[in-house]
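Okay, here's what each chain looks like letter by letter:
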Amino acid sequence: GHRTQPLLAYFTTNYEGTTAGGSYRPLVNVLWAAVDAAGGGLSLSGRMFGHTVALGAHLFCMALIYLIGRMLLPGRRGAALGVFAALLFALMPNHPEAVNWVGAASDPIATAALLCGVLLYLDGHAAARLRWFHVIGPAAAMAVGLAAKETAVVLPVVIGLHALLTFRRPWRASLRRTAVLLAPLAFVAVAYFLVRYRATGLFYGYYGASSIKVDLM
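Computed from a prediction, not measured in an experiment: that's the story for all the values here. (Residues numbered from 1 in each chain as written. Predicted model: local features only at pLDDT ≥ 70, side-chain atom pairs only at ≥ 80, totals over all residues. Heavy atoms only, no water.)

A.B. asks: Please explain the layout of surface pockets as it appears in this structure.
C.D. replies: Gaps left between atoms show up when a probe the size of a water molecule is rolled over them. Taken as a whole, the second largest pocket encloses approximately 180 Å³ of empty space. Lining of the second largest pocket is provided by Phe-11, Tyr-24, Pro-26, Ala-143, Val-144, Leu-146, Ala-147, Val-188, Ala-191, Tyr-192 and Val-195. Of all the secondary structure elements, the ones that give two or more residues to the lining of the second largest pocket are α6 (132-148) and α8 (171-200). Partitioning the lining of the second largest pocket into residue classes produces 11 nonpolar, no polar and no charged. (1 Å grid on protein atoms, 1.4 Å probe; cavity = no way out; pocket = protein on both sides within 12 Å on 5 of 7 lines; lining within 4 Å. Points joined across faces, edges and corners; volume = space filled by probe spheres on them. Helix = DSSP H or I, 4+ residues; strand = E, 2+ residues; numbered from the N terminus. Nonpolar A, V, L, I, M, F, W, Y, C, P; charged D, E, K, R; others polar.)

So, in structure tokens, the structure goes:
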């Protein structure tokens, strides 16, 4: 359950406000604190605030998916791909829970951050010259996504696979460009696992050692 505590404590403890295992999702705890400030999860104002955030993140994801589709293919084909992918995402049968249930807001928030990272990467990949936001932007987006849900750690894999499949000559310059784009993501990933360990006692997983009781005999 959520516990109201000082803002900084959300980033130094687990989902339940302790350091004994559990999830590390500080941004979700901040959201719950905002819901409490709006009147609480049982009040109309609190529910409206939480649902507005979740729905807004979902709609933002749709817009990002459309823009990514536009960047993947030129002209009308890209526009068609973007519209199709955005509508598919919007109408996916297993997505309503993440929008209707405020407790699952971590999913659309993390997804929106991850998609921002992909969009910024694609813009840098297509640009003649990298700019600072092409390098810092995806890493910042990944940090936000990880603060919402652990699955945002896949962003470097997604970007790395795209870079691998689209390598172009000269190979050395292409490799150097990819390394510049991936290095900040690697830094964020390492920093995240260290902070997560500090907050939960775990680099990955959910249950702390004190919660696992296994009889091997």
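A.B. asks: Is there a simple way to think about helix α3 (residues 75-91) in this case?
C.D. replies: Because each turn of an α-helix spans 3.6 residues, side chains separated by three or four positions end up pointing in the same direction. Compared with the 24 Å implied by 1.5 Å per residue over 17 residues, the 25 Å span of α3 between its first and last C-alpha is a close match. Taken residue by residue, α3 has Gly-78, Gly-82, Ala-86 and Phe-89 as its buried positions. With its buried residues spanning 65 degrees around the axis, α3 presents them on a single face. Of the exposed residues in α3, those oriented more than 90 degrees away from the buried face are Arg-76, Arg-77, Phe-84 and Leu-91. (Expected span 1.5 Å × (residues − 1). Buried < 20%, exposed > 50% of the residue type's maximum accessible area, 1.4 Å probe, protein only. Arc of directions from axis to C-beta.)

A.B. asks: I keep staring at helix α7 (residues 155-165) and nothing clicks. Help me out?
C.D. replies: Those residues of α7 that fall on the buried side of the exposure criterion are Leu-155, Ile-159 and Ala-163. Buried positions in α7, seen along its axis, are confined to an arc of 60 degrees and lie on one side of it. What points out from α7, more than 90 degrees from its buried face, is the exposed set Val-157, Leu-164 and Leu-165. Where the residues of α7 are buried, they touch α5 (106-126), α6 and α8. (Contact = heavy atoms within 4.5 Å.)

A.B. asks: What is the right way to look at the nonpolar core in this model?
C.D. replies: Ranked by size, the top nonpolar core spans 27 residues in total, and within it Met-142 and Leu-155 carry the most contacts. For this core, the elements supplying multiple residues, two or more each, are α2 (44-72), α3, α5, α6, α7 and α8. The leading source of residues in this core is α5, at seven residues. In this structure, Met-142 is in contact with Ala-152, Val-153, Leu-155, Pro-156, Leu-185, Val-188 and Ala-189, ignoring residues within four places of it in sequence. Judged by nonpolar contacts, the second largest core, of eight residues, contains Leu-31, Val-35, Ala-54 and Ala-57. (Core = buried A, V, L, I, M, F, W, Y, C linked by side-chain atoms within 4.5 Å.)

Everything listed here is a matter of coordinates, which is why it stays silent on function.
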